[in-house]
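Commentary on secondary and tertiary structure
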Amino acid sequence: SGVINTIAKLARACTLRLTAGKLYFILSDKVANGGVGMWCEVCQGNFFDEFQMEGVAPEHNEIYLELVPENLSRALKTAQSAKTVKIKLTNKHCPCLRVAVELPSLSSSSRIVTHDIPVGVIPRRLWNDFREPSVPDFDVSIYLPALKTMKSVVERMKNLSNSIVIEANLSGEMNLKIETDLVSVTTHFKDLGNPPWASEDGCQSSAQDRDLESMAEARIDIKKLQQLLAGQQVNPTKALCNIVSKRIVHFILLHEDVSLQYFIPALA
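This structure is a prediction, so every number in the text was calculated from the model and none was measured.

**A word on the overall build of the protein**
In terms of regular secondary structure, the protein is built from 5 helices and 16 strands. In terms of overall dimensions, the protein has a C-alpha envelope of 65 × 45 × 30 Å along the principal axes. Expressed as a percentage of its 268 residues, the buried residues of the protein come to 46%. Here the analysis covers contacts within the protein between residues at least 6 apart in sequence; of these, 61% occur between residues at least 24 apart. Charged side chains in the protein number 29 positive and 30 negative. The centres of these two groups are separated by 9 Å.

**A short note on the pairing of strand β14 (residues 238-244)**
With 6 of its 7 residues buried, β14 lies for the most part within the structure. Both strand β9 (residues 140-143) and β14 contribute to a ladder of 4 bridges, which runs antiparallel. Pairing of Tyr143 across the sheet is with Leu240, part of β14. Two elements, β14 and strand β15 (residues 248-255), share 7 bridges in a ladder whose sense is antiparallel. Directly across from Ile243, in β15, lies its bridge partner Val249. In textbook terms, the turn of a hairpin is the stretch between consecutive antiparallel strands, and for β14 and β15 this stretch comprises 3 residues, one of which, Lys246, has a positive phi near 60°.

**Structural notes on the nonpolar core**
Phe25, Met38, Ile164, Leu176, Leu225 and Phe251 are the most contacted members of the largest nonpolar core, which totals 63 residues. Considering every element that reaches this core, the biggest residue donor is helix α3 (residues 147-158), with 5 residues. If sequence neighbours within four positions are ignored, Leu176 has contacts with Met150, Val153, Val154, Met157, Ile164, Val165, Ile166, Val185, Thr186, Thr187 and Phe189. With 7 residues, the next largest nonpolar core counts Trp39, Tyr64, Ile122 and Trp127 among its residues.

**Details of the domain arrangement of the protein**
Each assigned domain of the protein is listed with its residue range as follows: domain 1 (1-129) and domain 2 (140-265). Taken residue by residue, the interface counts 20 residues in domain 1 and 18 residues in domain 2. Around 1600 Å² of area is buried between domain 1 and domain 2 when both sides are counted, 61% of it from carbon and sulfur atoms. Three residues, Lys9, Leu10 and Val36, lead the burial of domain 1 against domain 2; their summed loss comes to 31% of the area buried on that side. The tally of links between domain 1 and domain 2 comes to 0 salt bridges.

**Notes on the side chain of Gln226**
For Gln226, the position within the fold is in helix α5 (residues 222-230). Once residues lying within four places of it in the same chain are set aside, the contact partners of Gln226 are Val154, Glu155 and Lys158.

**Points about the sheet that holds strand β2 (residues 22-28)**
Strand order in the open sheet formed by 9 strands is β8-β4-β1-β2-β3-β16-β15-β14-β9, and the pairing between neighbours is antiparallel. Looking at the sheet topology across the chains shown, the edges are occupied by β8 (120-121) and β9. Taken together, the 6 bridges between strand β3 (residues 37-43) and strand β16 (residues 258-265) define a ladder with antiparallel strand orientation. Note on β16: the bridge partner recorded for Trp39 is Gln261. Against the sheet, α5 makes contact with β15 and β16, and its axis sits at roughly 170° relative to β16, the strand it touches most.

**Digging into the packing of aromatic side chains**
As enumerated under the stated definition, the model contains 3 aromatic pairs in all. Seen in terms of ring centroids, Tyr24 and Trp39 are 5.3 Å apart; in terms of plane orientation they differ by 50°. Their pairing is tilted. Of this pair, Tyr24 sits in strand β2 while Trp39 sits in strand β3, placing them 15 residues apart in sequence. Given a relative accessible area of 11%, Tyr24 falls into the buried group.

Conventions and cut-offs
- Residues numbered from 1 in each chain as written.
- Predicted model: local features only at pLDDT ≥ 70, side-chain atom pairs only at ≥ 80, totals over all residues.
- Heavy atoms only, no water.
- Helix = DSSP H or I, 4+ residues; strand = E, 2+ residues; numbered from the N terminus.
- Buried < 20%, exposed > 50% of the residue type's maximum accessible area, 1.4 Å probe, protein only.
- Contact = heavy atoms within 4.5 Å.
- Lys, Arg positive; Asp, Glu negative; His and termini not counted.
- Charge placed at Lys NZ, Arg CZ, Asp CG, Glu CD.
- Pairing = 2+ DSSP bridges.
- Core = buried A, V, L, I, M, F, W, Y, C linked by side-chain atoms within 4.5 Å.
- Domains from an automatic or database assignment.
- Buried area = accessible area lost by both parts, 1.4 Å probe.
- Salt bridge = Lys/Arg side-chain N within 4 Å of Asp/Glu carboxyl O.
- Axes fitted to C-alpha atoms, helices over the stretch in contact; angles between N-to-C directions.
- Phe/Tyr/Trp six-rings, centres within 6.5 Å; stacked < 30°, edge-to-face > 60°.

Pasting the structure below:
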């Protein structure tokens, strides 16, 4: 439920893609038009004891649904002390995700609370709109400082400006900056480390020929960054960001069985 709470804070509505092995929460606002993008993968084996699904056809064993994550988050709140939780796709009056929560009771009969969450079923011809976004050809990839620290810095800066500049280099340094007519504030982080992948997997990232000290930067909407940091219910084991200069900041948060990618486009 921590995952769903995080998603609910990041997206008013999103797409839930179900496959035999994983659940995906997808927000595909067109990043090019200034919207944020999100791709969250959850391994179902770590969350469900039993998982059965039938997609539209054997060779397309997937289901795509549109839903309001806040509704699912609310339904799962009642499940904190539950003996069992069953989630089922039903179609009574309209397609719904039915969440049946069996609560412990003092008598021998059990109490079951059910929530029906309306969903929209996305037809197969539209599935291609929800493919995993490709990782942009970044200039710098860097591990993030502790998210709590970053969150408190961003919350203070949010009162001073609507936008924030994130800049980082390949020497493990990152700065968060705001500049207005009245004030300029910079918070420096160093020794953060850079992920090894920029060079090792032969991916032709523009990071390879970069001067290690030179900063790549992007100015982004501070509210979108704050939303990402404030929504963190899962404490990631690894958090990093890729910066494509003046174009996009791509965040990746990894937890044992959950990975969340979040794309914030740069402001012009």
